[in-house]
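This is what each chain is made of:
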Amino acid sequence: MAIPTLLVINAPRQLPRRPHRVPPVALANRVVPKEELPPVEPVAIADLSPEDARAFNASIPFSTDPNPAARPFHLSGSVESQQRAIDCLAAAEVYEAGDDAVGERAVAQVVLNRIRHPAFPKTVCGVVFQGSERSTGCQFTFSCDGALQRWSPTPAAWARARAIATMALHGAVFRPVGHATHYHTDWVVPYWSASLDKIVALHSHLFFRWAGWWGTPPAFNRSYIAEEPQIALLGKLSPTHQGATAAETAPLGDPGATGLLFDVQKVAASLPESALPASVAGDQNVFLVTLPDDMLPDLYPAIALRTCGDRPYCKFMAWSDPARKPARLPPTGEQAAAMSFSYLRDERVQYVKALWNCEQFRRPNPAQCMRRQAAPAPPPALPPSPDVSPLDGVRRKPAAQNKAGAAAPATPAPSTASSD
């Protein structure tokens, strides 16, 4: 018993674990005054291990200033230019954030914020590929580190990235990142991070805006230039960056999808069976459908193609509001006006057409919009009635001929004088 007791008494005591010490890092910390345009510095990373970088980033507090959302962005320009813009934005999303919807939306918002800031180019592709001609110093690492040549996203991931890009470029705002113009992962420390305000963390990414006036909404006052350049690096992902016209970029075999930004045939093949509508309106070739709330409008043709299958004739009519969807055909005028999307295929006459309700969904091409039904014409106005003298309190019988043809004597009007 003495030996174990001595071992317990003389055992070395375990020292408490020390917290990770934040390594000293010399970073520039300067608020750029309003009179000076802030420089866009290349991405230079401090020489720290991932553990030290996380500790350093955690030691920097988040800004307590307001974090207002950015204004909605609305894409303009030719169809070809719009498609190049969406492809550039989708590439930034999927290569920077992976196939993650939250991360992709955040990256897209940062790109749009940069377009409006005086320190950056004024096109989507110009912002995304700024500095890509250099082996170092590009603003988005994937554009100059060979990632575009090494791997490509899956068709489904690319379609989702393009759909998110379409939403962002047509008014969708990702509020959490506010007016952020910079971000980085939490396991690195760029030299510019100390001169910016840290505003939010999403997953493993930290988002920053310029300190001082250059990070406030009035600083984001520049306009978009609707002439997107062609980017050769995107040639394998985007036909529009190979010099193709808009007609050549439409998915083959489906002229109704002209102007869509992905191959709807591939997306349709990837949809699960649970995504298909189960109701058929009396006819096995006619579908009256309620659209899912979480489905992007650009994916409506994909669900229509999957629903119609190999039918030579198929009519697909869909509503976002289930209360407006008719139970049978034909729809009333109000129900037809509320229809969100329609797809018609008739192989006998080689006709395929997909149309959106552009009062509900903004489309890049007016040819994709349903024709609005004209309001019914007002009923014709009745002819004016002849003038009739107002009654004086006594209904008179108009002069009329009696049965013998003689005019009836007029009844004398009563006296209006009062008697004593």
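Refer to the preceding data block for the structure.
A quick note: this is a predicted structure, and the numbers were derived from the prediction, not measured. Residue positions are given per chain, counted from 1 along the sequence in the order it is written. Only residues with pLDDT of at least 70 are given local features in this predicted model, and only at 80 or more are side-chain atom pairs given and counted; all residues enter the totals for whole chains, interfaces and linings. In computing side-chain values, all of the structure's heavy atoms are included and hydrogens and water are not.

> How do you make sense of the sheet that holds strand E5 (residues 313–319) when you look at a structure like this?
Remark on secondary structure: sheet strands pair via backbone hydrogen bonds, oriented parallel or antiparallel. Here, strands pair whenever DSSP counts at least two bridges between them. Secondary structure follows DSSP: runs of H or I at least 4 residues long count as helices, runs of E at least 2 residues long count as strands, and numbering of each begins at the N terminus. Read across the open sheet, the 4 strands follow the order E4-E5-E6-E7; overall the sheet is mixed. At either end of the open sheet lies a strand with only one pairing partner, and these are strand E4 (286–290) and strand E7 (351–356). Between one strand and the next, the sheet's axes are offset by a mean angle of 10 degrees, whatever the strand orientation. In this sheet, E5 lies alongside E4 in parallel orientation, the contact comprising 5 bridges. Bridge pairing links Val289 to Ala318 in E5. Only heavy atoms enter the contact rule, under which two residues are in contact if any of them lie within 4.5 Å. A fitted line through C-alpha atoms represents every axis, and for helices the fit uses only the stretch in contact; the resulting angles, taken between N-to-C directions, go from 0 to 180 degrees. Across the sheet, helix H9 (residues 300–308) touches E4, E5, strand E6 (341–346) and E7, and the angle it forms with E6 is around 40 degrees.

> Please explain the packing of helix H3 (residues 79–97) against helix H7 (residues 155–169) as it appears in this structure.
The description of two helices packed together rests on the angle between their axes and the distance between the axes. Viewed as axis vectors pointing N to C, H3 and H7 meet at an angle of 120 degrees, and their least axial separation amounts to 8 Å. As summarised for this structure, H3 and H7 are arranged oblique, according to the angle between their axes. Our pair here, H3 against H7, has a crossing hand that is right-handed. From H3, Ala85, Ile86, Asp87, Leu89, Ala90, Ala91, Glu93 and Val94 reach across to H7, where they touch Trp158, Ala161, Arg162, Ile164, Ala165, Thr166, Ala168 and Leu169. For this classification, the nonpolar set comprises Ala, Val, Leu, Ile, Met, Phe, Trp, Tyr, Cys and Pro, the charged set comprises Asp, Glu, Lys and Arg, and every other residue, Gly included, is treated as polar. A per-class count over the contact of H3 with H7 returns 12 nonpolar, 1 polar and 3 charged. By the definition adopted for this analysis, an angle is roughly parallel if under 35 degrees, roughly antiparallel if over 145, roughly perpendicular if from 65 to 115, and oblique otherwise. For any helix crossing, the convention is left-handed if the near helix is rotated counterclockwise from the far helix by under a right angle, and right-handed if that rotation is clockwise.

> I'm lost on the environment of Asn57 in this one. Help?
Among the structural elements, Asn57 can be located in helix H2 (residues 50–59). With a 1.4 Å probe rolled over the protein chains alone, any residue whose accessible area is under 20% of its type maximum counts as buried; one over 50% counts as exposed, and the rest are partly exposed. Asn57 sits in the buried class, given a relative accessible area of 4%. Residues Asn57 and Ala194, 137 residues apart in the sequence, show an inter-C-alpha distance of 9.7 Å. In contact with Asn57, other than residues within four places in its own chain, are His184, Thr185, Asp186, Trp187, Val188, Val189, Lys198 and Leu206. Whenever a nitrogen or oxygen atom comes within 3.5 Å of another N or O atom, the pair is scored as a polar contact, on the condition that within protein one atom can donate a hydrogen and the other can accept it, and that pairs from neighbouring residues in sequence are kept only if both atoms are in side chains. Within polar-contact distance, the side chain of Asn57 engages the backbone oxygen of Asp186 at 2.8 Å.

> What's the story with the state of the cysteines in this structure? I'm lost.
The bond known as a disulfide is covalent and runs between the sulfur atoms of two cysteines. Only a pair of cysteine sulfur atoms within 2.5 Å counts as a disulfide in this structure description. Using the criterion set out here, one finds 4 disulfides in the structure. Across the disulfide, Cys88 is cross-linked to Cys125 (sulfur-sulfur distance 2.0 Å). Disulfide Cys88-Cys125: torsion about the S-S bond near 100 degrees, hence right-handed. With Cys88 in helix H3 and Cys125 in helix H5 (residues 124–128), the pair connects residues that are 37 residues apart, well separated along the chain. By relative accessible area, which is 1% here, Cys125 ends up buried. One disulfide bridge connects Cys308 with Cys314, the sulfur atoms lying 2.0 Å from each other. Because the torsion about its S-S bond is -70 degrees, the bridge between Cys308 and Cys314 counts as left-handed. When sorted by exposure, Cys308 lands in the same class as Cys314, which is buried. Cysteines bonded in the protein chain are numbered consecutively along the chain; their disulfide partners then correspond to 1-2, 3-4, 5-6, 7-8.

> Any chance you could explain the packing of H3 against helix H4 (residues 101–116) here in plain terms?
For the pair H3 and H4, interaxial distance at closest approach is 8 Å and the crossing angle is 130 degrees. On the basis of their axis angle, the class for H3 and H4 is oblique. Remark: the crossing between H3 and H4 carries right-handed chirality. Contact residues: Leu89, Ala92, Glu93, Val94, Glu96 and Ala97 in H3; Gly103, Glu104, Val107, Ala108 and Val111 in H4. Classifying every residue of the contact of H3 with H4 by side-chain character gives 7 nonpolar, 1 polar and 3 charged.

> Even after reading the chapter, I still don't get the packing of aromatic side chains, so can you show me in this structure?
Geometry of an aromatic ring pair is reported as the spacing of the ring centres plus the angle between the planes. Each aromatic pair joins two rings of Phe, Tyr and Trp (for Trp, the six-membered one) with centres within 6.5 Å, and gets the label stacked for planes under 30 degrees apart, edge-to-face for over 60, and tilted for any other angle. Under the criterion given, the structure shown has 13 aromatic pairs. Note on Tyr95 and Phe142: the rings are 5.3 Å apart at their centroids and 15 degrees apart in plane angle, and the pair reads as stacked. Taken as a pair, Tyr95 in helix H3 and Phe142 in the loop between H5 and helix H6 (147–150) lie far apart in primary sequence, 47 residues in all. The exposure class assigned to Tyr95 is buried, which follows from its relative accessible area of 10%. Ring plane angle 70 degrees and centroid distance 6.2 Å describe the contact between Phe316 and Phe341, whose orientation is recorded as edge-to-face. In this pair, Phe316 sits in strand E5 while Phe341 sits in strand E6, placing the two residues 25 residues apart along the sequence. Side by side, Phe316 and Phe341 carry an identical accessibility label, which is buried. Taken together, Tyr300, Phe316, Phe341, Trp356 and Phe361 form an aromatic cluster joined through their ring pairs. Comment: the charge-over-ring label is applied if NZ (Lys) or CZ (Arg) is within 6 Å of the ring centre and within 35 degrees of the ring normal. Against the face of Phe62 rests Lys198, its NZ or CZ located 4.4 Å from the ring centre.

> Whenever I open this one, the nonpolar core confuses me. Can you help?
Most often, soluble globular proteins keep nonpolar side chains buried together rather than apart. Among buried residues, those of type Ala, Val, Leu, Ile, Met, Phe, Trp, Tyr and Cys that are joined through side-chain atoms within 4.5 Å constitute a nonpolar core. Counting residues in each nonpolar core, the largest one holds 55 residues, and the members touching the most others are Val124, Phe142, Leu169 and Phe207. Those elements that provide at least two residues to this core are H3, H4, H5, H6, H7, strand E2 (196–202) and strand E3 (205–210). Looking at this core element by element, the count peaks at 9 residues for H3. Not counting residues within four places of it along the chain, the set of residues in contact with Val124 comprises Ala85, Cys88, Leu89, Val111, Ile115, Leu169, Tyr224 and Glu228. Formed by 21 residues, the second largest nonpolar core is a distinct cluster that contains Tyr300, Cys314, Phe316 and Tyr343.

> Is there a simple way to explain unusual backbone geometry in this structure?
Phi is mostly negative for residues that are not glycine, and the peptide bonds are mostly trans. Cis peptide bonds are those with omega within 30 degrees of zero, and the linkage from Leu329 to Pro330 qualifies with -5 degrees. With respect to the helices and strands, the residue Pro330 is situated in the loop between E5 and helix H10 (333–338). Of note, the phi angle at His203 is positive, near 55 degrees, even though the residue is not glycine. Relative to the helices and strands, His203 resides in the loop between E2 and E3. Given a relative accessible area of 62%, His203 falls into the exposed group.

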